[in-house]
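Chain by chain, the residues run as shown.
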Amino acid sequence: MSIIARHITVDMYKCKTACFDDMYALQATIKTLLQESNIEILSFASQMMPDDHIAIALLFEEGHITVHAFPDLQYVSADAFLCEEDAAPEQVFSSIKKLFKPEKTKTTILKRGDFGTNTDMKPKTKTKVAPLRRIHNTGSKVVKMLTKSKNDTKNK
């Protein structure tokens, strides 16, 4: 056994969903998504936190999932800890990502209990931007470049 578990953290930005409106509906939806992935939930809890974000924790035999949804920021942070060497936490989150429909996601995967070398301990981070957001960002960069080259020409 080279590792004990896999841990994934996912940051989802500019989420476009009405799920933020009802904590209990959000909890029920996430529970259903996990059950459809053949994950048997042992216990769960949800709480509206003092800063108006929704916290949901689900415990199952293979590990846990936590979700923190910040409606005002259209932001969701979530993590899954799966106590299996060959676990695929990315698959668990694919349906959760579809639920929130974020414009941008940042995913970090950690090998927990990795008894290998120190070089093996670096987390793998992947950022993904929705296609429309990418086009908008590119357009802004082009405008800035054109404005800068126009100003450089005037200054000569």
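One can find the structure itself at the top, above this paragraph.
Residues numbered from 1 in each chain as written. Predicted model: local features only at pLDDT ≥ 70, side-chain atom pairs only at ≥ 80, totals over all residues. Heavy atoms only, no water.

Comments concerning the overall build of the chain
- Across its full length, the chain holds three helices and seven strands.
- Beginning at the N terminus, the succession of helices and strands in the chain can be written as β-α-β-β-β-β-α-β-β-α.
- In the chain, buried positions account for 33% of the 156 residues.
- Taking the intrachain contacts of the chain between residues at least 6 apart in sequence as the baseline, contacts between residues at least 24 apart amount to 58%.
- Just so you have it, the chain exposes about 10,200 Å², and 55% of that area is on carbon and sulfur atoms. (Helix = DSSP H or I, 4+ residues; strand = E, 2+ residues; numbered from the N terminus. Buried < 20%, exposed > 50% of the residue type's maximum accessible area, 1.4 Å probe, protein only. Contact = heavy atoms within 4.5 Å. Areas by Shrake-Rupley, 256 points an atom, 1.4 Å probe, with all protein chains shown as cover.)

Considerations on the packing of aromatic side chains
- All told, the structure shown has three aromatic pairs when counted by the stated rule.
- When the centroid spacing of 5.3 Å and the interplanar angle of 40° are considered together, the rings of Tyr 13 and Tyr 75 count as tilted. Within this pair, whereas Tyr 13 is found in strand β1 (residues 5–13), its partner Tyr 75 is found in strand β5 (residues 75–82), the two being separated by 62 residues in sequence.
- A relative accessible area of 31% places Tyr 13 in the partly exposed class.
- The class of Tyr 75 is buried, set by a relative accessible area of 17%.
- Aromatic side chains Phe 70 and Tyr 75 sit 5.7 Å apart centroid to centroid with 35° between the ring planes, which places their arrangement in the tilted category. Tyr 75 matches Phe 70 in its accessibility class, with the two residues each being buried.
- Taken together, the ring pairs in this structure connect Tyr 13, Phe 70 and Tyr 75 into an aromatic cluster. (Phe/Tyr/Trp six-rings, centres within 6.5 Å; stacked < 30°, edge-to-face > 60°.)

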